[in-house]
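Residues per chain are reported as follows:
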Amino acid sequence: MPTYDPTVARLTYRALLGRRRALILCALPALLLLIAVAVRGFGAADDDVAVNLLSGFALATMVPLIGVIACTGAIGPEIDDGSIVYLLAKPLKRSTIIFTKLVVAIGITIAFSALPVLVAGLVLVGGSQQIAAGFAIAAVVASIAYSALFLLLGTISRHAVVFGLVYALIWEALIGSLVPGARTLSIQQWALAVADKVVGSGVTINTEVALPTAAVLLAAVTVAGTWFASHKLRGLTLAGEE
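What counts, and at which threshold
- Residues numbered from 1 in each chain as written.
- Predicted model: local features only at pLDDT ≥ 70, side-chain atom pairs only at ≥ 80, totals over all residues.
- Heavy atoms only, no water.
- Helix = DSSP H or I, 4+ residues; strand = E, 2+ residues; numbered from the N terminus.
- Buried < 20%, exposed > 50% of the residue type's maximum accessible area, 1.4 Å probe, protein only.
- Axes fitted to C-alpha atoms, helices over the stretch in contact; angles between N-to-C directions.
- Parallel < 35°, antiparallel > 145°, perpendicular 65-115°, else oblique.
- Left-handed = near helix turned anticlockwise from the far one by under 90°.
- Patch = residues over 30% accessible without salt bridge, like charges linked within 9 Å, V, L, I, M, F, W, Y side chains within 5 Å.
- Areas by Shrake-Rupley, 256 points an atom, 1.4 Å probe, with all protein chains shown as cover.
- Salt bridge = Lys/Arg side-chain N within 4 Å of Asp/Glu carboxyl O.
- pLDDT = per-residue confidence, 0-100.
- Contact = heavy atoms within 4.5 Å.
- Expected span 1.5 Å × (residues − 1).
- Bend = angle between axes of the 7 residues up to and from the residue.

1. Quick look at unusual backbone geometry
Its identity as a non-glycine residue notwithstanding, Gln129 has a phi of 55°, on the positive side. In this fold, Gln129 is placed in the loop between α6 (94-125) and α7 (131-156). What makes Gln129 partly exposed here is its relative accessible area of 33%. The backbone of Gln130 shows a phi angle near 55°, a positive value even though the residue is not glycine. Tracing the backbone through its elements, the reader meets Gln130 in the loop between α6 and α7.

2. So, the packing of α6 against α7
Taken N-terminus to C-terminus, the directions of α6 and α7 make an angle of 150°; their axes are 8 Å apart at the nearest point. Here α6 lies roughly antiparallel to α7, going by the angle between them. Both α6 and α7 take part in a crossing whose hand is right-handed.

3. A few points about a nonpolar patch on the surface
Among the surface-exposed residues, Val161, Val162, Leu165, Val166, Leu169, Ile170 and Leu174 lie close enough to one another that they form a single nonpolar patch of about 550 Å² accessible area. Turning to its location among the elements, Leu169 is positioned in helix α8 (residues 160-178). Owing to a relative accessible area of 41%, Leu169 belongs among the partly exposed residues under this scheme.

4. A few points about the confidence of the model for the chain
Taken as a whole, the chain shows an average pLDDT of 87; of its residues, 93% reach a score of 70 or greater. Averaged over each element, pLDDT in the chain is lowest for helix α4 (residues 76-81) (69) and highest for α7 (94). Counting interchain partners and residues more than four positions distant, the pLDDT-below-50 stretch residues 238-242 has 5 contacts.

5. Structural notes on α6
Between its terminal C-alpha atoms α6 stretches 45 Å, which fits the 46 Å expected from 32 residues at 1.5 Å a residue. In α6, a bend of some 35° at Ile110 exceeds every other bend along the element. With its phi angle positive at about 60°, Gly126 sits one or two positions after the end of α6.

Given below as C-alpha cells:
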C-alpha cells in the first residue's frame, strides 16, 4: 500500500501555492462568487438559476480548470526541469511520491473548487433543496477524479497543461455538455449524477449517467490514473541505476 510522506507533501504544497499559481487558483472561484452575489443582488436567484450556474460554470469549467492548474503543477514541472531526480534519489517508493502528490493535489483542488461551490450555492438559494450541498459533494468527487487524471498527464507529457486545457475546455465544457453520446465519458456528468442524488426531487439536474455507473467510473478513473502515474514514475531512472 502506498504511504504518505510529509516531506514530499510540504515541497508540493510550496510549489502549488506560490504567489503566481495561488492568484490563478483564486481567480475562477472569485468569479463564481462574484456572479452569485450579483445574481442574488439583482433578485434573479432561484433553484433553476442556481443549478444552471453551478452545473454550467462551476462543474463544467471551474473545477476541471482548477484541477489542471493544481494537478499538472504537482509533478510536471519537476519532471521537465529535472528536479524530480532529487526525490527519486531518496529512499522512497515511487508509489509513495505519486500518492502523496495526489493527496496534496486533491486537497488543493477541493479547497479552491468545492468550498466556493458550497458558498456560491448558499448565497444563491441558501439551503433550498440541498442544492449547495449537492453540488459541493459533486465538486469533491469530481476533484478527486480530475486530480488523478491530470496528475497522470503531468507524468507522461511535457505538454500536460495544454492537453489538460483541451480536455477541460473542449471535452468537458463543450462536447461533454452538448453532445449526448459523449456525456457518458465526462467526469462532469458523473459528478452531476452524484449531485442529482443529493439534491431534492423538486429540482431537475440533466445527466444521462445513472449513479451506480457514475460511481464505478469515478473510482475507475481515480484508481487507474494513480496506478499508471506510479508506473510511469517507476520508468524514470537515475544515472547508475540498473
